[in-house]
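A closer look at the structure
Chain by chain, the residues run as shown.
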Amino acid sequence: MSDYTKIADTGNGILALLKEALVPELINSPDQIGLCSPEDHGDFAVGLWLYDVREDTSIQAHEMTNIGRNTQRYPSTYLTLYYMITLYLQSDLKYRAVQEHQIMGRVIQTLRDQAAMDSDTFTSVEGPGGMNIRIQMQDLEMEEKIRIWTIPNTAYRTSLFYTAGPVEIQSTRKKPVKRVQEIDYRFTGKET
């Protein structure tokens, strides 16, 4: 398994959670929930947009990892992923606001209940050393939310903002090492 897929795996893991929670009670089809930007959401009713990726500076990986007897891998990079969840319902205006509020409530409930994604739930998605990837709601000011929502001539839609991390991207760089195979104890000192 290539480790560079961890960003995609994390997004797909969050999508799987949302689909399980919303379909069929609040959304008709899992095909209506997907990865998309606010500008290009197509027919999605619920869009998950990865709008930023940052290195997680709280984890400082400096140690090489042993992979086999004679090889070490350089330290991994740990990331925090920033997501925006926006609703694009096309239902009758008279019912749309209530539906949106119900869906938002269910999304918040689901991501709070599943605040730590584990490898049993999502294949190949786990943080450093097998740690769970934490999903946390962000507390952003309205100006920050509007700045993230950067679609000209389109009004801001109420959206939910989350982080997911740490997400580990392992280095492909390796270094051969020689192990101590033999120790020779020779004493050359004279006794008096």
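This report concerns the structure included in the present document. What you are looking at is a predicted structure, and each value in this text was computed from that prediction instead of being measured. (Residues numbered from 1 in each chain as written. Predicted model: local features only at pLDDT ≥ 70, side-chain atom pairs only at ≥ 80, totals over all residues. Heavy atoms only, no water.)

**Things to note about the sheet that holds strand β3 (residues 65-66)**
What the three strands build is an open sheet, ordered β3-β4-β9; its pairing is antiparallel. For this open sheet the edge positions go to β3 and β9 (174-176), each flanked by a neighbour on one side alone. In this sheet, β9 lies alongside strand β4 (residues 71-73) in antiparallel orientation, the contact comprising three bridges. Residue pairing across strands places Gln72 opposite Lys175, the latter belonging to β9. (Pairing = 2+ DSSP bridges. Helix = DSSP H or I, 4+ residues; strand = E, 2+ residues; numbered from the N terminus.)

**Focus: helix α1 (residues 6-22)**
Every α-helix winds through 3.6 residues per turn, so residues three or four apart in the chain are directed the same way. Taking 1.5 Å as the rise per residue, α1 with 17 residues should run 24 Å; its terminal C-alpha atoms sit 24 Å apart, in good agreement. Burial in α1 covers these residues: Lys6, Asp9, Thr10, Gly11, Gly13, Ile14, Leu15, Leu17, Leu18, Ala21 and Leu22. (Expected span 1.5 Å × (residues − 1). Buried < 20%, exposed > 50% of the residue type's maximum accessible area, 1.4 Å probe, protein only.)

**Topic: the packing of α1 against helix α2 (residues 93-113)**
Packing of α1 against α2 brings their axes to within 10 Å, and their N-to-C directions diverge by 125°. The orientation of α1 relative to α2 falls into the category oblique. For the crossing formed where α1 meets α2, the hand is right-handed. On the side of α1, the interface is formed by Ile14, Leu17, Leu18, Ala21 and Leu22, while α2 contributes Ile103, Arg106, Val107, Thr110 and Leu111. Taken together, the residues that form the contact of α1 with α2 break down as eight nonpolar, one polar and one charged. (Axes fitted to C-alpha atoms, helices over the stretch in contact; angles between N-to-C directions. Parallel < 35°, antiparallel > 145°, perpendicular 65-115°, else oblique. Left-handed = near helix turned anticlockwise from the far one by under 90°. Contact = heavy atoms within 4.5 Å. Nonpolar A, V, L, I, M, F, W, Y, C, P; charged D, E, K, R; others polar.)

**Some remarks on the pairing of strand β2 (residues 46-55)**
It is a general feature of regular strands that their side chains alternate between the two faces of the sheet. Relative to β2, strand β1 (residues 33-35) runs parallel, the two sharing three bridges. Following the sheet pairing, Ile33 is matched in β2 by Val46. With nine bridges joining them, β2 and strand β5 (residues 77-87) adopt antiparallel strand pairing. Note on β5: the bridge partner recorded for Asp52 is Tyr82.

**Here we look at the nonpolar core**
Of all hydrophobic cores here, the largest spans 28 residues; its most connected members are Ile14 and Ile85. Of all the secondary structure elements, the ones that give two or more residues to this core are α1, β2, β5, α2, β7 (133-137) and β8 (159-169). Excluding anything up to four places from it in sequence, Ile14 contacts Leu48, Tyr83, Leu111, Met117, Ile135 and Ala164. Membership of the second largest hydrophobic core comes to eight residues, among which are Leu140, Ile148, Ile151 and Phe161. (Core = buried A, V, L, I, M, F, W, Y, C linked by side-chain atoms within 4.5 Å.)

**Section: the pairing of β5**
Across the eleven residues of β5, ten count as buried, placing the element largely inside the fold. Alignment of β5 against β8, held across nine bridges, turns out to be antiparallel. Bridging across to β8, Tyr82 finds its partner in Thr163.

**Side note on a nonpolar patch on the surface**
A cluster of nonpolar side chains, Ile183, Tyr185 and Phe187, forms an exposed patch at the surface whose accessible area comes to about 460 Å². Considering the arrangement of structural elements, one finds Ile183 in the segment after β9. Its relative accessible area of 54% is what places Ile183 among the exposed residues. (Patch = residues over 30% accessible without salt bridge, like charges linked within 9 Å, V, L, I, M, F, W, Y side chains within 5 Å. Areas by Shrake-Rupley, 256 points an atom, 1.4 Å probe, with all protein chains shown as cover. Salt bridge = Lys/Arg side-chain N within 4 Å of Asp/Glu carboxyl O.)

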